[in-house]
Amino acid sequence: MIYHVNRIKLKPDAPSAQVEEALESLRNQGRQVSSVKSFVVGRDHGGDFDWGATYVIEDLDGLWEYLTHPATLNSDKVGLPVVERLDIFDISDDEDPELAAKIEELHRRRNELSPETHKMLADVPTYLGAGLEGDPKN
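So, how was this worked out
Residues numbered from 1 in each chain as written. Predicted model: local features only at pLDDT ≥ 70, side-chain atom pairs only at ≥ 80, totals over all residues. Heavy atoms only, no water. UniProt positions renumbered as here; feature names shortened; annotations may be inferred. Helix = DSSP H or I, 4+ residues; strand = E, 2+ residues; numbered from the N terminus. Pairing = 2+ DSSP bridges. Axes fitted to C-alpha atoms, helices over the stretch in contact; angles between N-to-C directions. Contact = heavy atoms within 4.5 Å. Core = buried A, V, L, I, M, F, W, Y, C linked by side-chain atoms within 4.5 Å. Buried < 20%, exposed > 50% of the residue type's maximum accessible area, 1.4 Å probe, protein only. Salt bridge = Lys/Arg side-chain N within 4 Å of Asp/Glu carboxyl O. Parallel < 35°, antiparallel > 145°, perpendicular 65-115°, else oblique. Nonpolar A, V, L, I, M, F, W, Y, C, P; charged D, E, K, R; others polar. Left-handed = near helix turned anticlockwise from the far one by under 90°.

Labelled according to an unreviewed UniProt entry, the chain appears under the name Dabb family protein, originating from Planomonospora alba.

Written as structure tokens, this is what we have:
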């Protein structure tokens, strides 16, 4: 299983209507992406973040479906412009020593297929996560 975790700190001037739209879009990902086995979107307690979203996905094929699904791309489109800091990471019980590299490759491929998403991620003031190698403006 792969637990795909997003921790989000909003920009101080983020319009509340846009924040609510982004949060509903994150919830919609959990409902619409068939590879998501369970999910939670809610307040982040225990750090310098406002919100978090965690999606439980069975395997790399499922993660690819999640990363490229229109519901996920919509969350990027409506949510990333209001994000000050975004940390994305994965936790897995898979013992494959190459899993981190395989996940990184999925993010790279997704950003190659969606240069708009790549640029939006690069425009987040503080981003920690997979897939931002290279110049997103090319």
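**Student:** Explanation requested: the UniProt feature "domain: Stress-response A/B barrel" (unreviewed entry) in the chain in the structure shown.
**Tutor:** Here, the residues flagged by UniProt with the feature "domain: Stress-response A/B barrel" (unreviewed entry) are residues 2-91. In residues 2-91, the share of helix is 40% and the share of strand is 37%. The end C-alpha atoms are 6 Å apart.

**Student:** For this particular structure, what's the right way to read the sheet that holds strand E2 (residues 36-43)?
**Tutor:** Strands pair in a sheet through their backbones, by hydrogen bonds, and they do so in one of two ways: parallel or antiparallel. A sheet is described by the order of its strands in space; here five strands give the open sequence E2-E3-E1-E4-E5, paired in mixed fashion. With one partner strand each, in any of the chains shown, E2 and strand E5 (126-128) form the two edges of the open sheet. Each strand axis lies, on average, 10 degrees off the axis of its neighbour in the sheet, ignoring direction. Here nine bridges tie strand E1 (residues 2-10) to strand E4 (residues 83-92), and the two strands are oriented antiparallel to one another. Its bridge partner being in E4, valine 5 is matched across the sheet by phenylalanine 89. Sheet strands in contact with helix H2 (residues 60-68) are E1, E2 and strand E3 (51-57), and its direction is about 30 degrees off that of E1.

**Student:** Just checking my understanding: could you explain the nonpolar core for this structure?
**Tutor:** Judged by nonpolar contacts, the single largest core of 30 residues is most densely connected at Ile8, Leu10, Leu26, Tyr55, Leu63, Tyr66 and Leu86. Broken down by secondary-structure element, the contributors of at least two residues to this core are E1, helix H1 (16-32), E2, E3, H2, E4, helix H4 (99-113) and helix H5 (115-123). Here the element with the most residues in this core is E3; it accounts for four residues.

**Student:** Looking at this model, I keep getting lost on the pattern of salt bridges. Mind explaining?
**Tutor:** Where charged atoms from two side chains of opposite charge approach closely, those side chains can pair. Per the stated rule, a full pass over the model turns up ten salt bridges. Here arginine 27 and glutamate 24 are joined by a salt bridge, their closest N and O atoms 3.6 Å apart. Here arginine 27 pairs with glutamate 24, and both are found in helix H1, just three residues apart, close to one helical turn. In this structure glutamate 24 comes out as partly exposed when scored by relative accessible area, which is 36%. Among the charged side chains, a network of salt bridges with common partners joins Glu24, Arg27 and Arg31.

**Student:** I keep staring at the packing of H2 against helix H3 (residues 70-79) and nothing clicks. Help me out?
**Tutor:** Helices that pack against each other are described as a pair by the angle of their axes relative to one another and the distance between those axes. With their axes 5 Å apart at the nearest point, H2 and H3 run at an angle of 50 degrees to one another. Comparing the axis directions of H2 and H3 gives the class oblique. The residues of H3 that touch H2, namely those facing Tyr66, Leu67 and Thr68, are Pro70, Thr72 and Leu73. Classifying every residue of the contact of H2 with H3 by side-chain character gives four nonpolar, two polar and no charged.

**Student:** Is there a simple way to think about the environment of glycine 47 in this case?
**Tutor:** As for its position among the elements, glycine 47 is in the loop between E2 and E3. Put simply, glycine 47 and arginine 7 are 40 residues apart on the chain and 9.3 Å apart in space, counted from C-alpha to C-alpha.

**Student:** What should I look at first to understand the packing of H1 against H3 in this one?
**Tutor:** The geometry of H1 relative to H3 is characterised by a closest axis approach of 9 Å and an angle of 170 degrees between their N-to-C directions. Between H1 and H3, the angle is such that the two are roughly antiparallel. Handedness of the H1/H3 crossing: left-handed. Contacts between H1 and H3 involve Gln18, Glu21, Ala22, Ser25, Leu26, Asn28, Gln29 and Gln32 from the first element and Ala71, Thr72, Asn74, Ser75, Val78 and Gly79 from the second. Across the contact of H1 with H3, the residue classes break down as four nonpolar, nine polar and one charged.

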